[in-house]
Amino acid sequence: MEALIDTREEFDDLLGLYLPIGIAVAGIVFALVLFAVLRYRRRGDEMPRQREGLPLAEALYALVLAAIVVALLAATFTTEDRVDRISDHPGLEVDVTAFQWGWRFTYPGEAVTVVGDDRRPPTLVVPTDTTVRFTLESRDVIHSFWIPELRFKKDAFPERENTFDLTFEEEDAVGRCAEFCGLAHGEMTFDVLALAPPDFRDWLRTQRREGEIQHRTET
Amino acid sequence: MRGAEIGAGTAIAGRVPSGGLLAWIATTDHKRIALRMAAVAFGFFLVGGIFALLIRTELAEPELQLVGRDTYNQLFTMHGSTMIFLVVTPLALALGVYLVPLQVGAADIAGPRAALAGHWMVLAGGLTMYSSFLTDHGAGKAGWTAYYPLSGDSATPGTGMDLWVAGVILVGLGLTLVAACLVATVIRLRAPGMTMLRVPVFSWTMLAAALMAVMTVPVVGVAMALLLADRLGAGIYDSAGGPIAYQHLFWFFGHPAVYIMFFPFLGITAEVVATFSRRRFVGYKPLILALAAFTGLSMSVWAHHMFTTGQVVNKYFSLASTALVVPAGMEYFAIIATMIGGAILLRAPMLFALGFFLQFLIGGLSGVILASPPLDYHAQDSYFVVAHFHYTLFAGSLFAGFAAVYYWFPKFTGVMLRDSLGKLQFVLLLAGTNLTFFPMFLLGYDGMPRRVADYAPDAGFTDLNRLSTLGSYLVAIGVAVFLWNLYVSLRRREPAGDDPWEGHTLEWATSSPPPRYNFRSLPPVTSYAPLLDRRIERSRGGRGSGRGGRR
């Protein structure tokens, strides 16, 4: 069985490389400017020594920058390969349809569909510690499926499917639309409920039964 | 060479309307065109700033208080499109229109009538965009990016959106014309002795920016013209590939546009730092090389705005975008190397230039994070992005814009701006800017999306939003101090003289303001800092010592 990919952990690890380098660079530049301003304040009417450039130092410096770029990209590429990987054997499939302004979650083969209503947003129910395959599409304009807790989002386009895998730990989270989509964009949220696999199977069974009852009453 | 007469002026002069309203409307003097472009841009800046204050006031507390959601969507759309299309880009070009002919020792801009037409088209386009407020459905409200299908006729119906799109087309045409004149000026109208490697840093950055504008602004014109046709029923983007095609066209312009709004301000900072350090700009040639590399790469990075679409080759655009670290780092190196060993005077222009330098760094470093797809998967379309581009455009470009105003105002008008008020304005803007925009990094990381009018009270966003709103009011006070400074300085005039800062470049060799055709005579152009050369030459001759000589 393939290892589960925890997008949040991947993000944290990668940011753990980028952020300290960024802070160090900012610190060095701030310190150099402060040093220059304090040490080389104009005092008299003297002309300072002039120079055209420091070719050797600059060439070495450019090489250092290039090395940093290579190191950052190497980490980015390996992380992206893991985050974007599509598993051969997902534990569950969920079809997500985004629309103005809400979400529909369908569990194919299970005859279960979740949609919110005017009073409350829909809840995306998933099993924990399972690779969940999402197939995402929009019914109208572009939306974006974002679960901040998982540090992951993917855009939903009309007439075009996007596929990605996510895994969940046992915790409540919220998801929302991240791509501006008109009037009620800000309210286009959903809740995420991750259940232990046995509980998830119970939930699925209940939903199926309720769906059948509803189906019968409607016909 | 000394005192070479300028013959170009008489050749360009032609028929010039002599006085009255027509002369004001139809002047072909690049300096008057430029000042008007800058004044129009500043007017739009104040309006766009009021939109920003309304947005910040709405966001100070959870839920809706001040405006409805529809109005809010119009406000941020018009704020963004105003600042990009009508403020920062035109302001950059206006500084170029004024200063590039002077810096290269030309009598006028190349194609003054085209530049004039460009200026009027930008204004007309701006007014067209703003006329959308008068329509039934309200102004443009699909964001400044106007992604399709949201910007299509079925999702956003109404004449207002049509007018917004038409306005952007007009502005784009105007900006392209002005940029083309700047390119031609640097290529064709340089004074005798002014080789390409003696063109001052600011004019080089303007050349690079204008080249990018000429190559990419027409693309947004096409994207918008197709969008207008689509809205009128042509169904151009109405297919499975249409929405992503629109994004490609938009960002092929949209990302170089970011550097069009960066380069000239980097050039300003370079000039100001060199002058206020009394130092020849260090590392001129590597800087030109870095600019060229940057300009080339700028047209291969656009899809880093599209990492989350799942429809682009993320790694290629991540590679190209991250590679920009190298030329950007070289630019930073050159400016620091100019300061270290100089004789630094901290007047208002220098403070604003350093403000640009350090704050843009934060914008740039956060940009490196956004260039990494797995990090962008979280940050994209969150307040992290809003923080990032405001650090580049507001904390960056606009600070350098103020550096330019404080530095060249004496040249434009012949009078000095008050330095003490400038310093007060700097402190207010510095505090306000960071208070406004730094919390947005944290809000984005915590999951606050951009382009929303409200947020839940229990989302944990309230405190940081309050800080941010408070900061925006400080910015407003800072801008008010600037207006006061303009008023006081023009009312009780302190004459500036030709060269109040001991400038390095040719614009300081003529009167303030310069005469109609700029120069009565030109000093010899010996390098990219001809006036510094002359000063060193004279101090050597005067004192008979070798101090301060060129290497």
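Residues numbered from 1 in each chain as written. Chains lettered and ligands numbered in written order. Predicted model: local features only at pLDDT ≥ 70, side-chain atom pairs only at ≥ 80, totals over all residues.

Engineer: Quick one: what's the story with the overall build of chain A, residue by residue and with numbers?
Structural biologist: In terms of helices and strands, chain A carries 3 helices and 10 strands. With respect to the three principal axes, the spread of C-alpha positions in chain A is 95 × 45 × 30 Å. (Helix = DSSP H or I, 4+ residues; strand = E, 2+ residues; numbered from the N terminus.)

Engineer: Give a description of the overall build of chain B that names residues and reports values.
Structural biologist: The number of helices and strands found in chain B is 18 helices and 0 strands. Rg of the C-alpha trace for chain B: 23 Å, near the compact-globule value of 24 Å for 551 residues, within the 12% margin. Taken along the three principal axes of its C-alpha coordinates, chain B extends 75 × 50 × 50 Å. Within the span of chain B, comprising 551 residues, buried residues form 60% of the whole. Of the contacts made within chain B by residues no fewer than 6 positions apart, 84% connect residues no fewer than 24 positions apart. (Rg over C-alpha atoms; globule rule 2.2 N^0.38 Å. Buried ≥ 20, exposed ≤ 12 C-beta atoms within 10 Å, placed from the backbone. Contact = placed C-beta atoms within 7 Å.)

Engineer: Would you mind going over the interface of chain A and chain B in detail, with residue names and values included?
Structural biologist: Often the size quoted for an interface is simply the accessible area lost on bringing the parts together. Every contact between the two is made by 64 residues of chain A and, on the other side, 71 residues of chain B. Contributing elements (two or more residues each) for the side of chain A that touches chain B: α1 (7–39), α2 (55–83) and β7 (152–156) of chain A. Tallied by class, residues from the side of chain A that touches chain B come to 36 nonpolar, 10 polar and 18 charged. (Nonpolar A, V, L, I, M, F, W, Y, C, P; charged D, E, K, R; others polar.)

Engineer: Talk me through the domain arrangement of chain A; I want residue IDs and the actual numbers.
Structural biologist: Under the domain assignment, chain A is made up of domain 1 (7–44 + 51–83) and domain 2 (92–218). Each of domain 1 of chain A and domain 2 of chain A has a C-alpha centre, and these two points are 40 Å apart. (Domains from an automatic or database assignment.)

Engineer: Give me helix α10 (residues 284–298) of chain B: which residues, what numbers.
Structural biologist: Across its 15 residues, α10(B) extends 21 Å between first and last C-alpha, which sits within 8% of the 21 Å expected from 1.5 Å per residue. Along its buried surface, α10(B) packs onto α2 of chain A together with α7 (201–234), α8 (242–260), α9 (263–276) and α12 (325–339) of chain B. (Expected span 1.5 Å × (residues − 1).)

Engineer: So what's going on with the environment of Trp120(B)? Residues and values would help.
Structural biologist: Mapped onto the fold, Trp120(B) is located in helix α5 (residues 112–131). When the C-alpha atoms of Trp120(B) and Gly160(B) are compared, they prove to be 21 Å apart, with 40 residues separating the residues in sequence.

Engineer: If you had to explain the sheet that holds strand β8 (residues 162–166) of chain A to someone new, which residues and values would you point to?
Structural biologist: Residues and elements named next belong to chain A. On the basis of which strands lie adjacent, the open sheet formed by 5 strands has the order β3-β2-β1-β5-β8 and mixed pairing. At either margin of the open sheet sits one strand with a lone partner, and together these are β3 (112–115) and β8. Sheet twist, expressed as the mean angle between neighbouring strand axes with direction ignored, is 20 degrees. Looking at chain direction, strand β2 (residues 102–107) and β3 are connected through 4 bridges and run antiparallel. By the bridge assignment for β3, tyrosine 107 is matched with valine 112. (Pairing = 2+ DSSP bridges. Axes fitted to C-alpha atoms, helices over the stretch in contact; angles between N-to-C directions.)

Engineer: Tell me about the confidence of the model for chain B, residues and numbers included.
Structural biologist: All names here are of chain B. Summing up the model confidence of chain B, the mean pLDDT is 93 and the portion of residues at 70 or higher is 95%. Low pLDDT, under 50, characterises residues 1–14; the stretch is placed with 23 contacts to residues that sit more than four places away or in other chains. A low-confidence stretch, residues 544–551 (pLDDT under 50), is modelled with 15 contacts involving residues beyond four sequence positions or located in other chains. The ipTM, which scores confidence in the relative placement of chains, is 0.95 for this predicted complex, and the corresponding pTM is 0.94. (pLDDT = per-residue confidence, 0-100.)

Engineer: So, the sheet that holds strand β9 (residues 172–177) of chain A: which residues are in play, and what are the values?
Structural biologist: All names here are of chain A. Taking strand neighbours across the sheet as the criterion, the 5 strands line up as β4-β10-β9-β6-β7 in an open arrangement whose pairing is mixed. Each edge of the open sheet carries a strand with a single partner, namely β4 (123–127) and β7. Strand-to-strand twist across the sheet, computed as the mean angle between neighbouring axes with direction ignored, equals 20 degrees. The pairing of β9 with strand β10 (residues 189–195) spans 5 bridges and is antiparallel. What sits directly across from valine 174, in β10, is aspartate 191.

Engineer: Residue-level account of the packing of helix α4 (residues 69–103) of chain B against helix α6 (residues 159–188) of chain B, with values.
Structural biologist: Residues and elements named next belong to chain B. Between α4 and α6, whose axes approach to 10 Å, the crossing angle comes to 20 degrees. The angle between the axes of α4 and α6 places the two elements in the roughly parallel class. Crossing geometry of α4 relative to α6 is assigned as left-handed. Across the interface between the two elements, Ser81, Phe85, Leu86, Thr89, Pro90, Leu93, Gly96, Val97, Val100 and Pro101 of α4 pack against Val168, Val171, Leu175, Val178, Ala179, Leu182, Thr185 and Val186 of α6. Considering only residue class, the contact of α4 with α6 consists of 14 nonpolar, 4 polar and no charged. (Parallel < 35°, antiparallel > 145°, perpendicular 65-115°, else oblique. Left-handed = near helix turned anticlockwise from the far one by under 90°.)

Engineer: Any chance you could break down the pairing of β10(A) for me, citing the residues and the numbers?
Structural biologist: The side chains of a regular strand alternate, first on one face of the sheet and then on the other. With 5 bridges joining them, β4(A) and β10(A) adopt parallel strand pairing. Bridge pairing in β10(A) places Leu124(A) opposite Val192(A).

Engineer: Kindly report on unusual backbone geometry, identifying the contributing residues and their values.
Structural biologist: Residue Pro149(B) is bonded to the preceding Tyr148(B) through a cis peptide linkage, with omega at 10 degrees. Note that Pro149(B) resides in the loop between α5 and α6. Pro513(B) follows Ser512(B) through a cis peptide bond whose omega is -10 degrees. The backbone phi angle of Asp129(A) is positive, close to 50 degrees, even though this residue is not glycine. Judged by C-beta crowding, with 14 C-beta atoms within 10 Å, Asp129(A) ranks as partly exposed. With a phi angle near 55 degrees, Arg151(A) is a residue other than glycine that sits in the positive phi range. Tracing the backbone through its elements, the reader meets Arg151(A) in the loop between β6 (143–147) and β7.

Engineer: Before we move on, could you go through the packing of α7(B) against α9(B) and cite the residues and values that matter?
Structural biologist: All names here are of chain B. It is the contact of α7 with α9, at a shortest axis distance of 8 Å, that shows an interaxial angle of 175 degrees. Comparing the axis directions of α7 and α9 gives the class roughly antiparallel. Where α7 abuts α9, its residues Val201, Phe202, Trp204, Thr205, Met206, Ala208 and Ala209 lie against Phe263, Pro264, Leu266, Gly267, Ile268, Ala270 and Glu271. For the contact of α7 with α9, the class distribution of residues is 11 nonpolar, 2 polar and 1 charged.

Engineer: Lay out the pairing of strand β5 (residues 132–138) of chain A in plain terms, naming residues and giving numbers.
Structural biologist: Residues and elements named next belong to chain A. Burial along β5 is one-sided: Val132, Phe134, Leu136 and Ser138 are buried, while Arg133, Thr135 and Glu137, pointing the other way, are not. The pairing of strand β1 (residues 92–99) with β5 spans 7 bridges and is parallel. Each residue of the ladder has a partner; that of threonine 97, found in β5, is glutamate 137. In this sheet, β8 lies alongside β5 in antiparallel orientation, the contact comprising 5 bridges. By the bridge assignment for β8, threonine 135 is matched with threonine 163.

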